[in-house]
Amino acid sequence: MAQTYLIVGAGNMGGALLSGWLKSSLVNARNLAIIDPNPGIEAVYAIERGAKHLADFDGIPRNTKTILLAVKPQMFPQMRRQLAEALGEDVLIISIMAGISTQALKDAFPGADIVRAMPNTPAAIGKGVTAFTADPALKSEKVEAIKTLLGATGKVIRIETDEQINAVTAVSGSGPAYIFNLCEALAKAAQSIGLPPDVAAQLARETIIGASALLEASDQSPTELREAVTSPGGTTQAALDVLMADDGQGQLMRRAVVAALARAREFSE
Ligand SMILES: NC(=O)c1ccc[n+]([C@@H]2O[C@H](COP(=O)([O-])OP(=O)(O)OC[C@H]3O[C@@H](n4cnc5c(N)ncnc54)[C@H](OP(=O)(O)O)[C@@H]3O)[C@@H](O)[C@H]2O)c1
């Protein structure tokens, strides 16, 4: 009999992952169970196609073997005991909750295989990147199965330590927001030098889309691609002198990821 895959928290990220599983036919909707008082659009789609929408942990099917934890980290302390009591043996817990450490998950689910993973929102269109960490002693077949599940939404990278997942959270987990904010900032700057708001927004958006697509399609490094835009003594160089100054974008980005890392660590306390 096929196992049941349980999603606890089917909002933005839980929904993106379950959608990837369905689209790649890794999981059939009838083998999914969802616990979420307010499921997102992807989960509603799955429920319409046969996924079980459970009101509480008591209804968890006995053959549930894989559990994706995708609630906000602040929710975890209040649900962990009840969830652990409702699960059977030999389960795999995949947590994508920011900052909840592998040790905290091991304490909550003794005996379970624990995977801590960090996806990002481009997962919703199969363009995500997910880093994960798992017990080094985990059998290679299980690791491959985990990579396949996480890889349904994009690239997968295995990393060594739990603390590195907090760093991943600060870089690629939160990273899409940094790029969207760059888009906002470029549009505002465009307006400030005289462009109409709709033109400014369109130029900023298409520049980021085009540059990202070029980065994906090209064999060149970001440095080489930047240099290809930059004529010596030209306009780009004038802008980069500001952005690449000691107190420029590099320093700002460092401060941003350090702040995100500190916040992830607070969830672990
Ligand atoms: N968004 C990202 O970019 C991202 C990236 C990587 C990892 N993560 C992690 O993914 C997790 C979910 O983030 P998200 O952005 O997907 O949040 P989200 O969209 O708010 O999804 C969380 C879902 O959990 C539901 N929920 C609340 N209480 C619940 C309960 N007791 N049992 C089951 N479900 C419950 C929420 O319902 P309500 O809306 O009614 O509260 C919501 O639908 C977080 O731990 C976050 O750290 C997020």
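Residues numbered from 1 in each chain as written. Predicted model: local features only at pLDDT ≥ 70, side-chain atom pairs only at ≥ 80, totals over all residues. Heavy atoms only, no water.

A. Expanded view of the overall build of the protein chain. Secondary structure summary: the protein chain contains 11 helices and eight strands in total. C-alpha atoms of the protein chain, sized along the principal axes, occupy 70 × 35 × 35 Å. Across the 269 residues of the protein chain, 38% fall into the buried class. For the protein chain, the distance from the average position of its 24 positive side-chain charges to the average position of its 28 negative side-chain charges is 4 Å. (Helix = DSSP H or I, 4+ residues; strand = E, 2+ residues; numbered from the N terminus. Buried < 20%, exposed > 50% of the residue type's maximum accessible area, 1.4 Å probe, protein only. Lys, Arg positive; Asp, Glu negative; His and termini not counted. Charge placed at Lys NZ, Arg CZ, Asp CG, Glu CD.)

B. Quick peek at the site of the ligand. Neighbouring residues of the ligand: 20 residues in total, closest Asn12, Met13, Asp36, Val71 and Ala98. Between the ligand and Asn12, the relevant distance is 2.9 Å, taken from an oxygen atom to a main-chain nitrogen or oxygen of the residue. In the complex, the protein chains occlude 75% of the 880 Å² of accessible area that the ligand would expose alone. Tallied by class, residues from the shell around the ligand come to 13 nonpolar, five polar and two charged. (Near = heavy atom within 4 Å. Polar contact = N/O pair within 3.5 Å; in protein donor to acceptor, adjacent residues only side chain to side chain. Areas by Shrake-Rupley, 256 points an atom, 1.4 Å probe, with all protein chains shown as cover. Nonpolar A, V, L, I, M, F, W, Y, C, P; charged D, E, K, R; others polar.)

C. Spotlight on a nonpolar patch on the surface. On the surface, Leu195, Val199 and Leu203 cluster together into a nonpolar patch covering about 210 Å² of accessible area. Along the chain, Leu203 turns up in helix 8 (residues 197–217). Take Leu203: its relative accessible area is 45%, and that puts it in the partly exposed class. (Patch = residues over 30% accessible without salt bridge, like charges linked within 9 Å, V, L, I, M, F, W, Y side chains within 5 Å. Salt bridge = Lys/Arg side-chain N within 4 Å of Asp/Glu carboxyl O.)

D. Region of the structure containing the nonpolar core. Ranked by size, the top nonpolar core spans 31 residues in total, and within it Leu18, Trp21 and Leu32 carry the most contacts. Of all elements in the fold, only strand 1 (4–8), helix 1 (12–23), strand 2 (32–35), helix 2 (41–48), strand 5 (92–95), strand 6 (113–118), strand 7 (128–134) and helix 5 (140–150) reach the threshold of two or more residues within this core. Element by element, the count of residues in this core is highest for helix 1, at six residues. Apart from residues no more than four positions distant in its own chain, Trp21 is found in contact with Tyr5, Ile7, Leu26, Val27, Leu32, Leu68, Leu149 and Ala152. One finds Leu54, Ile60, Met97 and Phe109 within the second-largest nonpolar core, a separate group that totals 23 residues. (Core = buried A, V, L, I, M, F, W, Y, C linked by side-chain atoms within 4.5 Å. Contact = heavy atoms within 4.5 Å.)

E. Layout of the packing of aromatic side chains. As enumerated under the stated definition, the model contains two aromatic pairs in all. With centroids separated by 6.3 Å and ring planes inclined at 45 degrees, the aromatic side chains of Phe76 and Phe109 adopt a geometry described as tilted. Separated by 33 residues along the polypeptide, Phe76 in helix 3 (residues 76–86) and Phe109 in the loop between helix 4 (102–108) and strand 6 bring together distant segments of the chain. Owing to a relative accessible area of 4%, Phe109 belongs among the buried residues under this scheme. Here Arg49 stacks its cationic end above the ring of Tyr45, 3.6 Å away from the centre of that ring. (Phe/Tyr/Trp six-rings, centres within 6.5 Å; stacked < 30°, edge-to-face > 60°. Lys NZ or Arg CZ within 6 Å of the ring centre and 35° of its normal.)

F. Local environment of the environment of Ala33. Structurally, the position occupied by Ala33 is in strand 2. Residue classification places Ala33 among the buried residues on the basis of a relative accessible area of 0%. Measuring from C-alpha to C-alpha, the distance between Ala33 and Glu266 comes to 31 Å, with 233 residues separating the pair along the chain. In contact with Ala33, other than residues within four places in its own chain, are Thr4, Tyr5, Leu6, Ile7, Lys52, Leu54 and Pro61.

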